[in-house]
Structures are given as structure tokens and as C-alpha cells.
Amino acid sequence: MAVFRHLKEKYPSKFILASIMGQNEAEWGELAHTCQENGADAIELNFSCPNMMEEGLGSDIGQLPELVERFTAAAKKATTIPVLAKLTPNVATMSPAAEAALRGGADGIAAIKPFT
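The sections below set out a description of the structure shown in this document. (Residues numbered from 1 in each chain as written. Predicted model: local features only at pLDDT ≥ 70, side-chain atom pairs only at ≥ 80, totals over all residues. Heavy atoms only, no water.)

**Considering the packing of aromatic side chains**
How we decide: Pairs were defined over the aromatic rings of Phe, Tyr and Trp, the Trp ring being its six-membered one, requiring ring centres within 6.5 Å. Orientation was assigned from the angle between planes: stacked under 30 degrees, edge-to-face over 60, tilted for the rest. Strands are runs of DSSP state E lasting at least two residues, helices are runs of H or I lasting at least four, and both sets are numbered from the N terminus onward. Throughout this description, buried means an accessible area under 20% of the type-specific maximum (1.4 Å probe, protein chains only), exposed means over 50%, and partly exposed covers the range between.
Tallied over the full model, the rule gives two aromatic pairs. When the ring of tryptophan 28 is compared with that of phenylalanine 47, the centres are 5.1 Å apart and the planes differ by 55°; the resulting orientation is tilted. Remark: phenylalanine 47 occurs in strand β2 (residues 42-47) and tryptophan 28 occurs in helix α2 (residues 25-37); sequence separation between them is 19 residues. Of the two residues, tryptophan 28 and phenylalanine 47, both sit in the buried class. Relative to phenylalanine 71, the ring of tryptophan 28 lies with its centre 5.8 Å away and its plane at 20°, an arrangement referred to as stacked. Highlighted residues: tryptophan 28 in helix α2 and phenylalanine 71 in helix α4 (residues 65-78), separated in sequence by 43 residues. This pair shows no difference in class: tryptophan 28 is buried, exactly as phenylalanine 71 is. Through successive ring pairs, a cluster of aromatic residues spans Trp28, Phe47 and Phe71.

Following this line, the structure appears as C-alpha cells:
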């Protein structure tokens, strides 16, 4: 995280969006808090990455709205900067996860287009 502080010192007007990924509420909260403490301007919760080596990360979470809501709430509770939920396209519809993120307090939603 020292890289965030270095970037803020060198480029104080630039915006840092930190993308994080955890496995439980404590990790999501700790990562969000640490990013904020080190100069991030906003947090992106990565609920979208399908390429994780371990189960229970990335798109595994993004496919379960109850986890999206819970982990979004954990990150929001641990920080005061904006939190965006990056949703997975690996579902029939993103609406349930988007609504869950908003219930969890997300300030915004990000989405990616799947590779075709």
C-alpha cells in the first residue's frame, strides 16, 4: 500500500481507485480500510473475476446476491470513501446482485462485458 502514498505525493490531483477482493467480512473491511488509510480515493469491490485459483473469490461471490450485500456492507462500514461493486457478467441477469450491492450501501455499480 505504500505505492498509494507515493502516487498521492507525486500526483496529488490524480484519483486512485483501489480494487480489492476478500473471502469474508473481516477481509473486505480490513482491505477497504487499509486502502483508504493509504490514500485511495474510492474502493472497487471485485465480485467479477472468474480466474481465481481458490473457490469463494471474485465471480463466485458475484453470483450470490446475499454475499454481495454482506461484503459490500462490510467494506462500507470500514471506510468513508465511495465504494463501487464490480459485478460479474457470469449470471443470467445482474439485477439481483446490483440490488444487493445497493442494499449493502454501495455508492455505485461497475460491470464488465464478458469475453466472446
